[in-house]
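# Structural characterization, general
Residue strings, one per chain:
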Amino acid sequence: MDIVILKDSEQVATAGARVLQKLLMEKKAAVLGLATGRTPKAMYRQWVINCRESSMSFREVTTFNLDEYLGVQPADVQSYRSYMQRELFDHIDIDQTNTYLPACAADENPLDVGPRYEATILEKGGIDCQVLGIGQNGHIGFNEPSSSLNSRTRIKTLTRETIESNRQYFDDPATQPELAITMGIATIMDARKILLLATGAAKADAVRQSIEGAISASWPASILQMHERVTVLMDEPAASKLERLDYYHWVQDQKRRVLAQNESD
Ligand code: F6R
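Residues numbered from 1 in each chain as written. Predicted model: local features only at pLDDT ≥ 70, side-chain atom pairs only at ≥ 80, totals over all residues. Heavy atoms only, no water.

This next bit is on the pattern of salt bridges. According to the stated counting rule, one finds 14 salt bridges in the structure shown. Note that Arg 59 is salt-bridged to Asp 93, the shortest N-O span being 3.3 Å. Linking Arg 59 in the loop between α2 (41-53) and β3 (62-65) with Asp 93 in the loop between α3 (80-87) and β5 (99-100), this pair joins segments that are 34 residues apart in sequence. Under the relative-accessibility criterion, Arg 59 is labelled exposed at 58%. Between Arg 208 and Glu 243 there is a salt bridge; the shortest N-O distance is 3.3 Å. You can see Arg 208 sitting in helix α7 (residues 204-212) and its partner Glu 243 sitting in the loop between α8 (236-239) and α9 (245-264), a full 35 residues away along the chain. Note on Glu 243: relative accessible area 61%, which makes it exposed. (Salt bridge = Lys/Arg side-chain N within 4 Å of Asp/Glu carboxyl O. Helix = DSSP H or I, 4+ residues; strand = E, 2+ residues; numbered from the N terminus. Buried < 20%, exposed > 50% of the residue type's maximum accessible area, 1.4 Å probe, protein only.)

Take a look at the structure:
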């Protein structure tokens, strides 16, 4: 794991934007896995700025979102489709037909959505880089604690704590969904690279358990320890409970030193 601890959430956003810029320089037609929620918003804002002000283009990019609420239609302001349009898709040069979410149409059997989503991801060549946030309970996507570490896209029941922490987005609690369709943990692990973002002290326990704890379905993000190419970008409050903080800082110092050395050669 490449563990990068930055001062604040703005620095996390800037570093995340740099990861994307590098990827799109190597592969214009990249396939991105995207997350919603509070955490990636600042990074998406940087993507939008980079798309407007530099040569960065999403014209050939395809995106797959991690999850979508079940029973919420795309046009609904609370849907993750609406979130993505608002925060990113409406402001960049992406071909909207290449943006996918695991949404269930009103006349569709929800059980068909997962296998179809998995097939479409494969058809597009698999995900090059998956962006993840992390829940306070260690969930990734809506893979709540106890989710199978081998799971694929499917319907999940949200935990009470996830419902509680997302309540702020729903004016009327009665309309808040308790089910979602989410990429599975195995789907996420298939991505060729993973970019996990964590900001704020509320994430400190989940970050510690996922990076330094045992791999367990009780902390779903801990499975990322098994992935070959994970970058974790976090701010100081999110990193505050890590035991090996000094070591992680030292590794990053060494990397910077090697880079500077190579540049001066
Ligand atoms: C969102 C998602 C979730 C969030 C997580 C953190 O698509 O899949 O796993 O990444 O709940 O949410 P925030 O960033 O709002 O703290």
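This model, assessed by the stated rule, comprises 10 aromatic pairs. Relative to Phe 58, the ring of Trp 47 has its centre 5.9 Å away and its plane inclined at 35°; by these criteria the two rings are tilted. Linking Trp 47 in helix α2 with Phe 58 in the loop between α2 and β3, this pair joins segments that are 11 residues apart in sequence. Residue classification places Trp 47 among the buried residues on the basis of a relative accessible area of 1%. An aromatic cluster is present here, built from Tyr 69, Tyr 80, Phe 142 and Phe 170 joined pairwise through their rings. (Phe/Tyr/Trp six-rings, centres within 6.5 Å; stacked < 30°, edge-to-face > 60°.)

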